[in-house]
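Notes for the structure review
Now for the letters of each chain:
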Amino acid sequence: MQVKPFDAPFGADIVGVQLADISDENFAAIYEVWLGAGVLRFRDQELDDDTLKAFSSRFGELEYAPHGNVTAAQLAEIPNPYVATISNIVENGQPIGGLSNLETSWHTDMSYIEQPPTASLLYAVEVPASGGDTTFCCMRSAWRELPPSLRERCATMQIKHDAAHDSIGKMRRGHSPFDDAKEAPGVLHPVFIKHPETDDRALYLGRRKFAYIDGLALDESEALLDKIWQHVAKPTHCWTQQWRVGDLVIWDNRIVMHQRASFADSQRRLMRRTQVRSRQAPIAAVS
């Protein structure tokens with residue numbers, strides 16, 4: 001097994017392993033690299049849903065895929081609730097997965113729940129000839145480069161993360177439309193967080209649209225969020241994954257954000273995604 005860092009301030013390729021049959025020793029090494037790198041890529045993998053779940057679960061208990069505001073009975077009817085299908089493919093007049101072919105906004109996976117997933121894993125089954133790339137942004141770098149005056153102002157603030165919309169802006173199942181971000185359903189998380197395993201500091205933002213800084217007037221919240229977001233997703237903080245069939249990418253939601261580029265709807269894209277459940281809410285970097 002070899003570790004080959006990306007040409008970026010974070011992330012690495014892991015080569016020389018097949019994840020369907022990996023030793024405990026290699027996994028322990030992979031986990032340590034992942035904590036430091038934030039994003040890992042494994043190319044030329046052959047994974048079905050069972051082997052994807054088995055590898056993912058080595059990072060911790062799996063989290064349900066996001067299905068909107070559903071009841072326990074509705075969740076029980078979902079055939080494979082731990083594996084999300086991300087796809088634009090339509091069969092028998094119905095989409096087989098979510099997020100279609102549209103560009104997604106910058107986001108942190110499932111940040112709208114009390115204990116958002118620590119890790120997300122995305123595996124490429126079919127990819128378009130062009131487009132559909134995923135770009136990652138290092139939120140540790142964004143934290144470090146935030147102007148001290150802005151960092152001090154936001155030190156103990158919290159953001160409410162909208163639960164009603166997905167990353168392409170579509171209303172999730174079980175939610176109703178609204179216009180005011182203060183009315184958005186969701187949970188509060190610190191603007192600045194501390195990684196529970198490494199003590200690294202990072203910005204924690206979720207998505208920009210319908211975000212709200214608790215305790216401020218809406219116009220004040222919008223203006224302050226705009227100032228914060230000016231320091232996010234700078235080219236020097238980012239790395240882009242150009243997908244190949246058999247790629248598996250895992251990222252740490254506590255220190256990176258991501259977005260997906262659009263692609264032609266005439267081209268097929270089929271991905272499988274798993275999430276690793278957290279046992280704690282994001283920890284404020286400043287108490």
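It should be noted that the structure appears before, not after, this text.
Scope of this entry: the structure provided in the associated data block.

What counts as what
Residues numbered from 1 in each chain as written. Predicted model: local features only at pLDDT ≥ 70, side-chain atom pairs only at ≥ 80, totals over all residues. Heavy atoms only, no water. Phe/Tyr/Trp six-rings, centres within 6.5 Å; stacked < 30°, edge-to-face > 60°. Helix = DSSP H or I, 4+ residues; strand = E, 2+ residues; numbered from the N terminus. Buried < 20%, exposed > 50% of the residue type's maximum accessible area, 1.4 Å probe, protein only. Pairing = 2+ DSSP bridges. Axes fitted to C-alpha atoms, helices over the stretch in contact; angles between N-to-C directions. Core = buried A, V, L, I, M, F, W, Y, C linked by side-chain atoms within 4.5 Å. Contact = heavy atoms within 4.5 Å. Arc of directions from axis to C-beta. Polar contact = N/O pair within 3.5 Å; in protein donor to acceptor, adjacent residues only side chain to side chain.

1. A word on the packing of aromatic side chains
- Following the criterion strictly, the structure yields 14 aromatic pairs and no others.
- Ring plane angle 35° and centroid distance 5.7 Å describe the contact between Tyr31 and Phe59, whose orientation is recorded as tilted. With a gap of 28 residues between them, Tyr31 in helix H1 (residues 24–37) and Phe59 in the loop between helix H2 (49–56) and strand S4 (62–63) connect regions that are remote in the sequence. Taken individually, Tyr31 and Phe59 each receive the classification buried, so the pair is uniform in this respect.
- Ring geometry for Trp34 against Phe59: centres 5.2 Å apart, planes inclined by 80°, an arrangement best described as edge-to-face. Here Phe59 lies in the loop between H2 and S4 and Trp34 lies in helix H1, a separation of 25 residues in the sequence.
- A relative accessible area of 1% means that Trp34 is categorised as buried.
- Among the aromatic side chains, those forming a connected cluster through ring pairs are Phe27, Tyr31, Trp34, Phe42, Phe55 and Phe59.

2. Here we look at the pairing of strand S19 (residues 270–276)
- Taking burial as the measure, the 7 residues of S19 include 6 buried ones, the bulk of the element.
- Strand direction decides the pairing type here: S4 and S19, joined by 2 bridges, are antiparallel. Paired with Glu63 across the strands is Gln275, a residue of S19.
- Where strand S5 (residues 84–87) and S19 come together, 4 bridges link them in antiparallel fashion. Considered in S19, the bridge of Ile86 is made with Met271.
- The sheet contact formed by strand S9 (residues 119–126) and S19 spans 7 bridges and is antiparallel. Across the sheet, Ser120 pairs through a bridge with Gln275, a residue of S19.

3. Things to note about the sheet that holds strand S20 (residues 283–284)
- Taken together, 3 strands build an open sheet; the order of strands is S14-S13-S20 and the sheet is antiparallel. Edge positions in the sheet fall to strand S14 (201–203) and S20, since each has one partner strand and no second.
- Examined bridge by bridge, strand S13 (residues 192–194) and S14 share 3 bridges and lie antiparallel to one another. The residue of S14 that forms the bridge with Lys194 is Arg201.

4. What about the sheet that holds strand S18 (residues 256–260)?
- The 3 strands are arranged S16-S10-S18 in an open sheet whose pairing can be described as antiparallel. Strands with a single pairing partner mark the edges of an open sheet, and in this sheet they are strand S16 (238–241) and S18. On average, each strand axis in the sheet is inclined to that of its neighbour by 20°, with strand direction left out of account.

5. Some words on the nonpolar core
- If you look at the biggest cluster of nonpolar residues, it comprises 46 residues, and the most contacted ones within it are Val39, Met139, Leu203 and Leu205.
- The element that contributes the greatest number of residues to this core is helix H6 (residues 218–229), accounting for 4 residues.
- Setting aside residues no more than four positions away along its own chain, Leu205 makes contact with Met139, Ile159, His161, Ile228, Trp229, Val232 and Met257.
- Among the nonpolar cores identified, the runner-up in size contains 24 residues, and Ala12, Ile22, Ala37 and Leu47 belong to it.

6. Looking at H2
- Those residues of H2 that sit buried are Leu52, Phe55 and Ser56. For H2, the buried positions fall inside an angular range of 100° around the axis, keeping them on one side.
- Each element contacted by the buried residues of H2 is listed here: H1, strand S3 (39–42), S4, S9, strand S17 (248–252) and S19.
- Capping the start of H2, Asp48 holds a side-chain oxygen 3.2 Å from the backbone nitrogen of Asp50, two or three residues further along.

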